[in-house]
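# Observations on the model geometry
This is what each chain is made of:
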Amino acid sequence: DTAVSQTPKYLVTQMGNDKSIKCEQNLGHDTMYWYKQDSKKFLKIMFSYNNKELIINETVPNRFSPKSPDKAHLNLHINSLELGDSAVYFCASSHAGVHGYTFGSGTRLTVV
Amino acid sequence: DQQVKQNSPSLSVQEGRISILNCDYTNSMFDYFLWYKKYPAEGPTFLISISSIKDKNEDGRFTVFLNKSAKHLSLHIVPSQPGDSAVYFCAAIIAFQGGSEKLVFGKGMKLTVNP
């Protein structure tokens, strides 16, 4: 019954690998987001998709490629992982006109 | 460039007393402000919000005050309970033409309520 679910919850991988994080929401929201919480604890937006269309891309390296197969899913694929990509990645969703976003529980990515 | 600032990293209060969490912002284009609460290993959960055209919003034990001239907002929790112990994020929304918007977060503040 989780509203916004992310998988996996933990991901440990070596530098140079390619990995994906999946996100699904069952709230019927039309906008989905990826946020990154770095080691300094800042939560920063990476991408925003509205009805499968990219609307915000916050100068994220193009090694990061979001994919939205439908408005309930927003996956994040990361190529050639680097040490600095280690962070907690949060998926979120919202509905037009409603300001409270619903967040997933996060994916802790550790690049070694 | 940190547009939403939570300058105190932590606060400790006794159960039953008031908790006051402060937040400052620099961008006058923000039109909506929110507070999120986060427990370890969970995502942030929405707590309370306030529109930039208001100066106060109350929801049960939680009240948010906005001082636009000072670009300052605060969250008051009265009475504080041990279950309120969490990290609290101040956030602001900036809207763009076309209807898209972005949520900008502060660094968070850890509140500990002691029994």
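Above this note sits the structure.
Below, the structure is looked at part by part. Worth saying up front: this structure is predicted, and the values here are computed from it rather than measured.

Reading the values: the criteria
- All residue numbers refer to position in the chain's written sequence, counted from 1.
- Written order decides the labels, with chains lettered from A and ligands numbered from 1.
- Two thresholds apply to this predicted model, a pLDDT of at least 70 for residue-level local features and 80 or more for giving and counting side-chain atom pairs, whereas whole-chain, interface and lining totals are computed over all residues.
- With hydrogens and water stripped out, all remaining heavy atoms of the structure feed into the side-chain values.
- Each helix corresponds to a stretch of at least 4 residues labelled H or I by DSSP, and each strand to a stretch of at least 2 residues labelled E; elements are numbered beginning at the N terminus.
- The size measure is the radius of gyration over C-alpha atoms, and the globule rule it meets is 2.2 Å times the number of residues to the 0.38 power.
- Remark: exposure states derive from per-residue accessible area (1.4 Å probe, protein chains only) relative to the maximum for the residue type, with buried under 20%, exposed over 50%, and partly exposed in between.
- Only heavy atoms matter for contacts: two residues are in contact if any of them lie within 4.5 Å across the pair.
- To measure how exposed things are, a 1.4 Å probe is used in the Shrake-Rupley method; for residues, cover is taken only from the protein chains shown.
- Only four residue types enter the charge count: Lys and Arg as positive, Asp and Glu as negative, with His and the chain ends excluded.
- Every charge is mapped to an atom, namely NZ of Lys, CZ of Arg, CG of Asp or CD of Glu.

So, about the overall build of chain B. Each helix and strand counted, chain B has 0 helices and 11 strands in total. Shown N-terminal to C-terminal, the secondary structure of chain B runs as helices and strands in the order β-β-β-β-β-β-β-β-β-β-β. For 115 residues, the compact-globule estimate of 2.2 N^0.38 gives 13 Å, and chain B sits close to it at 14 Å. With respect to the three principal axes, the spread of C-alpha positions in chain B is 45 × 30 × 25 Å. In chain B, buried positions account for 47% of the 115 residues. In chain B, of all internal contacts separated by at least 6 residues, the share reaching a separation of at least 24 is 54%. Accessible surface computed for chain B: about 5,700 Å², of which carbon and sulfur atoms make up 49%. For chain B, the distance from the average site of its 12 positive side-chain charges to the average site of its 10 negative ones is 5 Å.

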